[in-house]
Each structure stands twice: as C-alpha cells, then as structure tokens.
Amino acid sequence: MRLNALLLSAALALPCAAQANELLKIYDLALQNDATWRAAEHARDASVEARPQARALLLPQISANAQKGRQLSEVDNDPGATTKSDDDPWSYGLSLSQPIFDWGAIQQLRQAGGQVALAETNYRSVGQDLLLRVAQAYFNALAAADTLSSAQDENKAVARQLELAQARFEVGLSAITEVQEAQARYDLTNATVIQSEQTLNTARSALAEITGQPYQPQARLVDDLPLAPPMPTDIEAWVKTAREGNLNVLAARLSADIADTGISIARAGHLPTVDLNGSHNISGSSIDANGGGTVDREITSDRVTLQLTLPVFSGLATQSRVRQATSTREQRRAEYEGAQRLAERQTRDAYLGVLTGSARVNALKQAVVSSVTALDAARSGQEVGTRTFIDVLNAQQQLSAAQRDYYRSRYDYLLAGLLLRQAAGNLGQPDMEAVDRLLTAP
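Residues numbered from 1 in each chain as written. Predicted model: local features only at pLDDT ≥ 70, side-chain atom pairs only at ≥ 80, totals over all residues. Heavy atoms only, no water.

### Some remarks on the overall build of the protein chain
Check the secondary structure of the protein chain and you find eleven helices and seven strands. A burial count over the protein chain gives 39% of its 442 residues as buried. Sequence-distant contacts, at least 24 apart, represent 82% of the contacts inside the protein chain between residues at least 6 apart. (Helix = DSSP H or I, 4+ residues; strand = E, 2+ residues; numbered from the N terminus. Buried < 20%, exposed > 50% of the residue type's maximum accessible area, 1.4 Å probe, protein only. Contact = heavy atoms within 4.5 Å.)

### Brief notes about the packing of helix α2 (residues 22–33) against helix α5 (residues 103–170)
One can describe the packing of α2 onto α5 by two numbers: an axis separation of 10 Å at closest approach and a directional angle of 130°. When the interaxial angle is binned, α2 and α5 end up oblique. In this structure, the crossing between α2 and α5 has a hand that is right-handed. Across from Glu22, Leu23, Ile26, Tyr27, Ala30 and Leu31 in α2, the residues of α5 making contact are Leu130, Leu131, Val134 and Tyr138. Residue composition of the contact of α2 with α5, by class: nine nonpolar, no polar and one charged. (Axes fitted to C-alpha atoms, helices over the stretch in contact; angles between N-to-C directions. Parallel < 35°, antiparallel > 145°, perpendicular 65-115°, else oblique. Left-handed = near helix turned anticlockwise from the far one by under 90°. Nonpolar A, V, L, I, M, F, W, Y, C, P; charged D, E, K, R; others polar.)

### Notes on the side chain of Asp436
By the element assignment, Asp436 lies in helix α11 (residues 429–436). Although Asp436 is buried, it makes no salt bridge; Arg437 carries the closest opposite charge, 7.2 Å away. A polar side-chain atom of Asp436 sits 3.4 Å from the main-chain amide nitrogen of Leu24. (Lys, Arg positive; Asp, Glu negative; His and termini not counted. Salt bridge = Lys/Arg side-chain N within 4 Å of Asp/Glu carboxyl O. Polar contact = N/O pair within 3.5 Å; in protein donor to acceptor, adjacent residues only side chain to side chain.)

### Thoughts on a nonpolar patch on the surface
Taken together, Ile100, Phe101, Trp103, Ile106, Leu271, Leu276, Val304 and Leu306 make up a surface patch of nonpolar side chains, about 720 Å² in accessible area. Breaking the nonpolar patch down by element, the ones donating at least two residues are β3 (81–101), α5 and β6 (294–309). By the secondary structure assignment, Ile100 is in strand β3. The exposure class of Ile100 is exposed, given its relative accessible area of 52%. (Patch = residues over 30% accessible without salt bridge, like charges linked within 9 Å, V, L, I, M, F, W, Y side chains within 5 Å. Areas by Shrake-Rupley, 256 points an atom, 1.4 Å probe, with all protein chains shown as cover.)

### Quick look at the packing of aromatic side chains
Working definition: an aromatic ring pair is given by the centre-to-centre distance plus the angle between the planes. Inspection of the entire model under this criterion finds five aromatic pairs. Relative to Tyr407, the ring of Tyr406 lies with its centre 5.9 Å away and its plane at 45°, an arrangement referred to as tilted. Cluster of aromatic residues (ring-pair linked, three or more members): Tyr138, Phe139 and Tyr411. Above the plane of the ring of Tyr123 lies Arg44, whose end atom (NZ or CZ) is 4.0 Å from the centre. (Phe/Tyr/Trp six-rings, centres within 6.5 Å; stacked < 30°, edge-to-face > 60°. Lys NZ or Arg CZ within 6 Å of the ring centre and 35° of its normal.)

### Some points on the nonpolar core
Core analysis: the largest hydrophobic core is formed by 54 residues, its most contacted members being Val134, Tyr138, Phe139 and Leu414. Those elements giving two or more residues to this core turn out to be α2, α3 (35–48), α5, α6 (176–211), α7 (235–245), α9 (317–384), α10 (389–424) and α11. With 13 residues, the top contributor of residues to this core is α10. Not counting residues up to four positions away in its chain, the partners in contact with Tyr138 are Glu22, Leu23, Ile26, Leu207, Pro217, Ala219 and Leu439. Judged by nonpolar contacts, the second largest core, of eight residues, contains Ala144, Ala145, Val193 and Leu200. (Core = buried A, V, L, I, M, F, W, Y, C linked by side-chain atoms within 4.5 Å.)

### So, unusual backbone geometry
A cis amide bond links Met231 with the next residue in sequence, Pro232, at an omega value of 5°. Mapped onto the elements of the fold, Pro232 is located in the loop between β4 (220–221) and α7. Here Leu316, not a glycine, exhibits a phi torsion of approximately 65°, which is positive. Relative to the helices and strands, Leu316 is located in the loop between β6 and α9.

### Some details on α9
Here α9 contains 68 residues, and its C-alpha end-to-end distance of 94 Å stays within 8% of the 100 Å for a straight helix at 1.5 Å per residue. Following α9 by one or two positions, Gly385 has its phi on the positive side, about 90°. (Expected span 1.5 Å × (residues − 1).)

### Some words on the pattern of salt bridges
Considering all chains together, one arrives at 20 salt bridges under this definition. Linking Arg185 and Glu181 is a salt bridge whose minimum nitrogen-to-oxygen distance equals 3.2 Å. Taken together, the residues span about one helical turn, with Arg185 and Glu181 both in helix α6 at a distance of four residues. The salt bridge partner of Arg348 is Glu236, with a shortest N-O separation of 3.0 Å. Within this pair, whereas Arg348 is found in helix α9, its partner Glu236 is found in helix α7, the two being separated by 112 residues in sequence. Judged by its relative accessible area of 37%, Glu236 is partly exposed. Each of Glu236, Arg243, Glu344 and Arg348 takes part in one network of salt bridges that share partners.

Shown next as structure tokens:
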C-alpha cells in the first residue's frame, strides 16, 4: 500500500464533513493556465517530431522540375553570311532517390526514438512539478491565513491586557511600567498583523501566478489530521523505487543512451552509403533559323543508377565528431550517476521528513495544549497576585507562536509526503485527491 492510499483510507475514516474540493479546483485551473505547464506541452509536441524527420531520411525523396527559356544567337559564317536563330528550350521531369544503406540515418532514427522518450519523460516531470507547486502555493496561502488569524487573535488579547493595565493604573493598582509594557507588546502585535497581511497577499499572488486568476483559499485542514507513516516502512525500498522510477534519473539515463547513439552516428561518417537514383525527363525546343520556319524537337530520357559513395578524407572532421560524441557520452553518464545519487538523497530526506513531520505535528499539538494551560495559569496567578502582568503577556505570546508553528507543521507534513512520492517517481493526481479529502469547507 502506498502513502496516498493510507491518506485516502484515513480520510474516509474521518467523520463526515463538508469536503472542500478546493485543491482539485486549483489544480484544474493550473492545468489550464499555468505558463510552465503549457510551455512543457508545446516542447513535448515539438520534440515528438524528431522521429518522423529521422524516418524521412530513409524514405524515397521525389522532386519535380520544370524550366522554360529563350535563347537568341547570331553566328557570322562567311563575310556577308550571318545565321540567326531563335531557340525556346523547355524541359520538365521527375527524379527519385531511395537510400539503400545509410548507417548514419539508421542510427539517427534510433536516436530520435530516445529523444521522443526523453521529451515524454520531461513532460511527466513537469507534470509532477506542477502538482507539487500547486500544493506548495496552496498550503502557503492557507498557512499565511492561519498566521494572520493567530496574529489577530494575539493582537486582540494584548489589546484587552492593555485596557486592563490602563484601568489598573488609573485606580492606582499598578505602575505605569505595566501600561508601557502592554503598549509596547500591542504595537509589536500590530506590526505582526501588518506583516502577516503582506505575507498572505504574497502567497495569494503566488497562487494566482499558477492558476492564472485571483483565488482566495477558504478551506481548512481537518482537526484530526491522520499522520500515516510511509508505506512500505523500509526506507531502502523507497530508495530502490527512486533509482528505477525517479523521472530525473530516467531522463538522465535516456540522455546517456542518446549520447551513446550519437557516437554511432559520428562513426557513420567513415562508412559508405548506397542510393538508388532514378529520373524521367522530357526536354525540347522550338527553333526559328533565319526566318526559315520553326522546328520543334522533343527528347525523352529515363535513367536509373545505383550510386555508392565512399568517404575517403574529410579533413579529419569525422574523427573530431567521434571524439566530441564520446566526450558528450561520458558527460551524460556522469550526469546520470549524479542524478541517481541526488534521487537517493532526496528520497531519504523526504522519507525522514514524513517521520519527523508526524512527530513534530504531535509535539506542537501538545505544545499548544500546554501553552493554553500556561496562559490560564498565568491569568489565574495574576488575579491572586502570584504572577505578574508580564507573565501573562509572555504566555500569550508563547501560545500564539505555538499555534503558528502547529498549523505550519501540518502542511509541512503533507508536503513531505508529496515530496517522497515525487522522489520515488510515482507522484500523481490520486495523491492530490487524497490530500483534498483532508480539507473541509469553512
């Protein structure tokens, strides 16, 4: 069972709630409007044309030709004797060339197949990246909204403390320092609210960049977020899957194969080519000599040849191309090895990110509970005189920070799961649907 299956089953087990379907709506908008995705589609379509172009080198080449001219001539034969002629030559015909053996063209067709596969792999990679970008932008917007809400709540709580401090000062129950401290905290929370509003606007703009239109997310994650571990629970199994299925690794392997075929194409410059050539031409002219009348001529010719071309010396260009292709192949092989190592590291990091993310969500959830208890204790202690006014402000600040971290940790946990599946090469729309089921309408 995969990670998205666990998320899906856990979501289905939750109490019935108004499902938002908001993430899927945003993903659909991104598929229609994201510029990077549309560019990838056109790039894939352009690369697919490499195959028919390479195949054309092995198919018959037929051309037609036609021409018509006018030729005037004057020849002095003897003194006083001049021959003039008016010639209107014309011709048309067909020519055909069929490659019989061209090892370079054969290898180019083979290479074109690899180029098409590479284009499709890159297209799928951009698709996975779009899924992740949509999730990241969406969760950033939700997290920014949560942060703003928490900052506003803290601002209101500090405002009440400021009012209380002012009232206590007016009746002589506290010193002016409490009012000043409360005012300073209130001003600080005002600045935090302003910054949170800016962060939210920035996050929404980033989401609009992907969707192509303004969108203000309203959904929220369910309260009891299922924290499913990666399945299988063996990290080496995920690493093995990544070595075989990671799209960047697959693209690097295809690039290495294409470069290897490039050596065969370069070496073909030493080999002979055999072509079958044929032509059918009809030519003629109308000649008017010294006004003695017009003479029409017409000639029909057919020709078939088998042509062998053997390269003898090309200024050492072929040898240079072979060396160049060999160096390119070694470059692609090194990049392939690097892609494997990177995929392995990313998979391990993402796997551990899911585990630590789950633990962090639980820890921060408990921190919020503890902070609420600490705030209640500080307020109660303030009433009986065992805690100071500053203690209450500090406890309120600690609670707000714990809430912001807790909200963010839940989004980070879900993103870690998506990153793990991307590293393994099997991130797809079902994963987005599984996450969407964890969202509820406001």
